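# Structural overview for review
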Amino acid sequence: GDSVTQTEGLVTLTKGLPVMLNCTYQTTYSPFLFWYVQHLNEAPKLLLKSSTDNKRTEHQGFYATLHKSSSSFHLQKSSVQLSDSALYFCALRNYGSSGNKLIFGIGTLLSVKP
Amino acid sequence: NSKVIQTPRYLVKGQGQKAKMRCIPEKGHPVVFWYQQNKNNEFKFLINFQNQEVLQQIDMTEKRFSAECPSNSPCSLEIQSSEAGDSALYLCASSPQGNTGQLYFGEGSKLTVL
């Protein structure tokens, strides 16, 4: 069945450094991938989405490119800020179900230190 | 701020008690989802609706949970007989018509079962 894999549980970085959070997926359908961010005690919010192969999508300084050849949608930022500390979830739209259900990865906690 | 409104933010129940949570989806969004986010931050899909009709639900939801989305009233998710393993954050999300798959989440109802 469809699945999403995020390999890092916790990433700790110093402010100003670049970050890449890994996301790979498995699906037999045409992939539609999302990154959601969840700050402490807040609702998860959409950060990025893409269904276009090899096209970079950007928002709020974060960017990701869907690569169907490697089944990946890694999240990157060139310079992290303290306010980027949050949980980041990669999600895959599940075509096999009704109503556009999303399958989420286990999440990566990004902790940015001064 | 989230436009999906969930109440209550916190609830504490004893084992065997009923636990009921409510959700007002974003205006104009006909599709509503319930997810359970456990203490490890993992998302588990529970059920989704389009207008008042159930689209899909998992076995657990079918057996111990009841959920509805009546017209002109908040959606609700009720656990008939709470168990310790039900302690989690219950997230409601809504989605507009169309096929984007993007979900708009509420801040969740945190259930603690003693």
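Criteria and thresholds
Residues numbered from 1 in each chain as written. Chains lettered and ligands numbered in written order. Predicted model: local features only at pLDDT ≥ 70, side-chain atom pairs only at ≥ 80, totals over all residues. Heavy atoms only, no water. Helix = DSSP H or I, 4+ residues; strand = E, 2+ residues; numbered from the N terminus. Buried < 20%, exposed > 50% of the residue type's maximum accessible area, 1.4 Å probe, protein only. Contact = heavy atoms within 4.5 Å. Phe/Tyr/Trp six-rings, centres within 6.5 Å; stacked < 30°, edge-to-face > 60°. Lys NZ or Arg CZ within 6 Å of the ring centre and 35° of its normal. Core = buried A, V, L, I, M, F, W, Y, C linked by side-chain atoms within 4.5 Å. Pairing = 2+ DSSP bridges. Axes fitted to C-alpha atoms, helices over the stretch in contact; angles between N-to-C directions. Lys, Arg positive; Asp, Glu negative; His and termini not counted. Salt bridge = Lys/Arg side-chain N within 4 Å of Asp/Glu carboxyl O. Polar contact = N/O pair within 3.5 Å; in protein donor to acceptor, adjacent residues only side chain to side chain. pLDDT = per-residue confidence, 0-100.

### Points about the overall build of chain B
- When helices and strands are tallied, chain B shows 1 helix and 11 strands.
- Taken from the N to the C terminus, the helices and strands of chain B come in the order β-β-β-β-β-β-α-β-β-β-β-β.
- The buried share of chain B, taken over its 114 residues, is 45%.
- For chain B, the proportion of contacts with a sequence separation of at least 24, taken over those separated by at least 6, is 52%.

### A short note on the packing of aromatic side chains
- Within this structure, the stated rule accounts for 15 aromatic pairs over all chains.
- Ring centres of A:F34 and A:Y36 lie 6.3 Å apart, and the angle between their planes is 35 degrees; on these two criteria the pair is classed as tilted.
- Residue classification places A:Y36 among the buried residues on the basis of a relative accessible area of 0%.
- Ring geometry for A:Y36 and B:F105: centres 5.6 Å apart, planes at 90 degrees, overall edge-to-face. Taken together, the residues A:Y36 in strand β5 (residues 33–38) and B:F105 in strand β10 (residues 104–105) connect one chain to another.
- Here the aromatic cluster, defined as three or more aromatic residues joined through ring pairs, consists of A:F32, A:F34, A:Y36, A:F89, A:F104, B:F33, B:Y35, B:F43, B:F45 and B:F105.
- In this arrangement the basic side chain of A:R56 is found over the ring face of A:Y63, its NZ or CZ atom lying 3.7 Å from the centre.
- The cationic tip of A:K101 hangs over the ring face of B:F45; the distance from NZ or CZ to the ring centre is 4.8 Å.

### A word on the nonpolar core
Residues and elements named next belong to chain A.
- The biggest cluster of nonpolar side chains holds 24 residues, and the ones touching the most others in it are L33, W35, L47, L75, Y88 and L110.
- Looking at this core, the elements that each hand over two or more residues are β2 (10–14), β3 (19–21), β5, β6 (45–50), β8 (62–65), β10 (86–93) and β12 (108–113).
- Here this core takes 4 residues from β10, the largest share from any one element.
- If sequence neighbours within four positions are ignored, L110 has contacts with V11, L13, V19, V80, D84, S85, A86 and Y88.

### A short note on the sheet that holds strand β1 (residues 5–7) of chain B
All names here are of chain B.
- With antiparallel pairing, the 4 strands of this open sheet are ordered in space as β1-β3-β8-β7. Of all the strands in the sheet, just β1 and β7 (65–68) have a single pairing partner and so form its edges. Across the sheet, the mean angle separating the axes of adjacent strands is 15 degrees when strand polarity is ignored.
- Pairing of β7 with strand β8 (residues 75–79), which is carried by 4 bridges, proceeds in the antiparallel orientation. Paired with A67 across the two strands is L77, which belongs to β8.

### Section: the side chain of A:E8
All names here are of chain A.
- By secondary structure assignment, the location of E8 is in the loop between β1 (3–5) and β2.
- Within the buried set, E8 has no salt-bridge partner at all; the shortest N-O distance to an opposite charge, 17 Å, is to K77.
- For E8, the side chain forms a polar contact with the side chain of T7, separated by 3.4 Å.
- Every residue in contact with E8, bar those within four places of it in the chain, is listed here: M20, L21, N22, G107 and T108.

### A word on the environment of A:K113
Residues and elements named next belong to chain A.
- Within the fold, K113 resides in strand β12.
- Taking the C-alpha atoms as reference points, K113 and T14, 99 residues apart in sequence, are found 4.7 Å from one another.
- What K113 contacts, discounting residues up to four positions off in sequence, is T12, L13, T14, K15 and L82.

### Here we look at the confidence of the model for chain B
- Mean pLDDT over chain B stands at 91; residues scoring 70 or higher make up 96%.
- At the low end of the mean pLDDT range in chain B sits helix α1 (residues 59–64) of chain B, at 79; at the high end sits strand β3 (residues 19–24) of chain B, at 98.

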